[in-house]
Amino acid sequence: MSSSKSGADWQPACGYKALRARAEVLAQIRRFFVVRGVMEVETPLLCQAAGTDPNLHPFTSKFLQAGQTEGSVLYLQTSPEFAMKRLLASGSGSIYQICKAFRNEECGHHHNPEFTLLEWYRIGFGIDELMDEIEALLAALFHGKRNLPPAKRVSYRQLFKELAGTDPLRASLREFAECAKRHHLAEASAICGEDRNTWLDLLFSHIIQPQLEQGRAYFVYDYPACLPSLARKKPGDESVVERVELFLDGLELGNGYHELADATEQENRFDADLTVRRRAGLPLPPKDRRLLDALAYGLPDCSGVAIGLDRLLMLMTGSDDITQVLAFPVSKC
Amino acid sequence: MAFISTSDFKNGLKVLLDNEPAVILENEFVKPGKGQAFNRVKFRFLKTGRVLERTLKSGDTLESADVADMDMQFLYYDGEVWHFMQPESFEQYTADANAVADARKWLKEQDVCIVTLYNGAPITVTPPNSVVLTITETDPGVRGDTSGGGGKPATLETGAVVRVPLFVQTGEVIKVDTRTGEYISRVK
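**Here we look at the overall build of chain B**
Stage number 1. A count of helical and extended segments in chain B gives one helix and 16 strands.
Stage number 2. At 22 Å, chain B has a C-alpha radius of gyration far larger than the 16 Å of a compact globule built from 188 residues.
Stage number 3. Seen along its three principal axes, the alpha-carbon backbone of chain B occupies a region of about 75 × 40 × 25 Å.
Stage number 4. Within the span of chain B, comprising 188 residues, buried residues form 41% of the whole.
Stage number 5. Considering only residue pairs separated by 6 or more positions, chain B has 45% of its internal contacts joining residues 24 or more positions apart.
Stage number 6. Carbon together with sulfur atoms contributes 47% to the accessible area of chain B, which is approximately 10000 Å² in total.

Okay, here's the thing in structure tokens:
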């Protein structure tokens, strides 16, 4: 007996136009990297360690040997970053991967808890060369579909000053509150309190992103040092890290770094994340020892980026909801 | 009192915002890839109709509002307040001018309206989508003109003024769309 009311719930959520666009994009990406000598890899979706980022909530599952009842926790990856860095440290050379990533507590017009990432790492690349390659890939994918003008490359600080009228690195929280008020976000103080990172996230997503020019890609680089994720500190400027984010039509599409290769610094960031998690009463995942050991062994100098393919497909097909490019979004999975 | 988390927000949910009852119209999940999650929510205040957008941190809660829509018969206006009755229980309610607002010009005794109760008291009154009312006054139309083009104002028994075709006369009964205030047809 059918459990759905209409009986049509088994049908795909998206049309064949979106399915074909996805197939074409996957084929084009593979061609793009073959020509450039970047090797495709696969790493596990199930992992013994999860990321420590307090804003990411991994799905957990249990691994059992036959007949076992206790078992051990395995996480569904929130990104393939740690495993790919272990490959890089082992001498893989430049690599890319197209895989599923899973993030719990993320569902909306632009979020499905299971989504497709394109992630790649280029040995010897800095942020500038990485931006060049991302732009070349966008040009290849959008060729004949949509005319993309040259991307705008702008520092986080410059963009913030231009579009929000405040300095993300220097302004006091009181100045952030005034900025929020000017932009009709009086509730910001109650939400962000004394947390500078939450202030930056709120002002960026609510004030800056909606003002980004439609139809143009933006590379926003030099993120504040308080939002480092896994990026290197910028040599000669302690206030920022070598992190870049890609936006198109105001939508966040990707996040890249000149990759942090220092094992001690990486462990410090894990510990800082875990401190935030402890204070917030969030689960405390184990630190990925194998990643730390790989960094200690030696990660070649490289830059890498992850791009959300479902969102990219939304922009290629003119969709305003991620379910319009997924065969079976979480509501139908 | 029940508190409702952003994760359970649905369109149509009634909550208290700044201590006033409001209905959720839209709820958008906003989250930077590596950042804090927010919900950008569009609300309409039930008393004033004002629409406003407000951001909450994902996981934050709002108190649910004790709001219910009920079909009620309009009984009479006593010059100060409007009296309604719930037809099954015969329970009577009074609504003031703030609650009745623009609906007043469509209210005819015996008609069934939707009365929105907040903590048991009426806060808004929604008239039926169409009402049947008698024209109390309109200029005589130009004889022979049956095209209906142009039209003329007509005052109805409730005081409402609507545009009607020229051939419609005082004393006739017409049907009006209360959402647009437009004439629909004559009623025989």
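**Remarks on the interface of chain B and chain A**
Stage number 1. Every contact between the two is made by 16 residues of chain B and, on the other side, 25 residues of chain A.
Stage number 2. Overall, the association of chain B and chain A removes approximately 1800 Å² of surface from exposure, summing both partners, and the carbon and sulfur fraction of that is 53%.
Stage number 3. Summed over the shared surface of chain B and chain A, the number is two salt bridges.
Stage number 4. A:E106 is paired through a salt bridge with B:K31; the nearest N and O atoms lie 3.2 Å apart.
Stage number 5. Of all elements in the fold, only β3 (20-30), β4 (38-45) and β5 (51-57) of chain B reach the threshold of two or more residues within the side of chain B that touches chain A.
Stage number 6. Take the side of chain B that touches chain A: its biggest share by element is five residues, from β5(B).
Stage number 7. Its residues assigned to classes, the side of chain B that touches chain A comprises five nonpolar, four polar and seven charged.

**Things to note about the nonpolar core**
All names here are of chain A.
Stage number 1. Counting 46 residues, the largest nonpolar core has L159, F204 and V220 as its most contacted members.
Stage number 2. With seven residues, helix α7 (residues 196-208) is the single largest residue contributor to this core.
Stage number 3. Of the residues that make up this core, three or more belong to each of domain 1 (3-151 + 216-332) and domain 2 (153-214).
Stage number 4. Setting aside residues up to four positions removed in sequence, F204 forms contacts with Y156, L159, F160, Q209, P210, V220, Y223 and F247.
Stage number 5. Grouped together as the second largest cluster of nonpolar side chains are 39 residues, C14, F33, I134 and V244 included.

**A look at the sheet that holds strand β7 (residues 67-77) of chain B**
Residues and elements named next belong to chain B.
Stage number 1. The antiparallel open sheet is built from five strands, whose spatial order is β9-β8-β7-β10-β11. Each of the sheet's edge strands pairs with one partner strand only, and the pair in question is β9 (92-95) and β11 (121-126). Taking each pair of neighbouring strands and ignoring which way they run, the sheet shows an average axis angle of 45 degrees.
Stage number 2. As defined by bridge partners, β7 adjoins strand β8 (residues 82-85) across four bridges and the pair is classed as antiparallel. Note that in β8 the partner of F74 across the bridge is F84.

**Brief notes about the pattern of salt bridges**
All names here are of chain A.
Stage number 1. Throughout the structure, instances matching the rule amount to 33 salt bridges over all chains.
Stage number 2. A salt bridge links R216 to E213; the shortest N-O distance between them is 3.1 Å.
Stage number 3. Between K287 and E267 there is a salt bridge whose closest N-O contact spans 3.0 Å. Here K287, found in the loop between α8 (263-280) and α9 (289-298), pairs with E267, found in helix α8; they are 20 residues apart in sequence, far enough to count as distant.
Stage number 4. The partly exposed category is assigned to E267, whose relative accessible area is 22%.
Stage number 5. Each of E267, D271, K287 and R289 takes part in salt bridges that share partners, so that together they form one network.

**Remarks on the domain arrangement of chain A**
Residues and elements named next belong to chain A.
Stage number 1. Structurally, chain A comprises domain 1 (3-151 + 216-332) and domain 2 (153-214).
Stage number 2. With centres defined by C-alpha atoms, the gap from domain 1 to domain 2 works out at 25 Å.
Stage number 3. With 22 residues of domain 1 at the contact, the number on the domain 2 side is 14 residues.
Stage number 4. Roughly 1700 Å² is buried in total at the junction of domain 1 and domain 2, and carbon and sulfur atoms are behind 58% of that figure.
Stage number 5. Here domain 1 and domain 2 share three salt bridges between them.
Stage number 6. Among the ionic pairs, R153 bridges to D132, the shortest N-O distance being 2.8 Å.
Stage number 7. Seen at the junction of domain 1 and domain 2, the total is 11 residue pairs in polar contact (both at pLDDT 80 or more).

**Brief notes about the environment of A:N268**
Stage number 1. You can see A:N268 is positioned in helix α8.
Stage number 2. For the pair A:N268 and A:D310, spaced 42 residues apart in the sequence, the C-alpha separation amounts to 33 Å.

**Section: the packing of helix α4 (residues 156-164) of chain A against α7(A)**
Residues and elements named next belong to chain A.
Stage number 1. With their axes 11 Å apart at the nearest point, α4 and α7 run at an angle of 55 degrees to one another. When the interaxial angle is binned, α4 and α7 end up oblique. Where α4 crosses over α7, the two elements pack in a sense that is left-handed. Listed contacts from α7 to Y156, L159, F160, L163 and A164 of α4 are L200, L203, F204, I207 and I208.
Stage number 2. Residue composition of the contact of α4 with α7, grouped by class: 10 nonpolar, no polar and no charged.

**Examining the environment of B:A22**
Residues and elements named next belong to chain B.
Stage number 1. Tracing the sequence through the fold places A22 in strand β3.
Stage number 2. Judged by relative accessible area, which is 0%, A22 ranks as buried.
Stage number 3. Here the alpha-carbon distance between A22 and P140, two residues 118 residues apart in the chain, equals 46 Å.
Stage number 4. Not counting the four nearest positions on each side in its chain, A22 is found in contact with L13, K14, V15, L17, F43, R44, F45 and L46.

Criteria and thresholds
Residues numbered from 1 in each chain as written. Chains lettered and ligands numbered in written order. Predicted model: local features only at pLDDT ≥ 70, side-chain atom pairs only at ≥ 80, totals over all residues. Heavy atoms only, no water. Helix = DSSP H or I, 4+ residues; strand = E, 2+ residues; numbered from the N terminus. Rg over C-alpha atoms; globule rule 2.2 N^0.38 Å. Buried < 20%, exposed > 50% of the residue type's maximum accessible area, 1.4 Å probe, protein only. Contact = heavy atoms within 4.5 Å. Areas by Shrake-Rupley, 256 points an atom, 1.4 Å probe, with all protein chains shown as cover. Buried area = accessible area lost by both parts, 1.4 Å probe. Salt bridge = Lys/Arg side-chain N within 4 Å of Asp/Glu carboxyl O. Nonpolar A, V, L, I, M, F, W, Y, C, P; charged D, E, K, R; others polar. Core = buried A, V, L, I, M, F, W, Y, C linked by side-chain atoms within 4.5 Å. Domains from an automatic or database assignment. Pairing = 2+ DSSP bridges. Axes fitted to C-alpha atoms, helices over the stretch in contact; angles between N-to-C directions. Polar contact = N/O pair within 3.5 Å; in protein donor to acceptor, adjacent residues only side chain to side chain. Parallel < 35°, antiparallel > 145°, perpendicular 65-115°, else oblique. Left-handed = near helix turned anticlockwise from the far one by under 90°.

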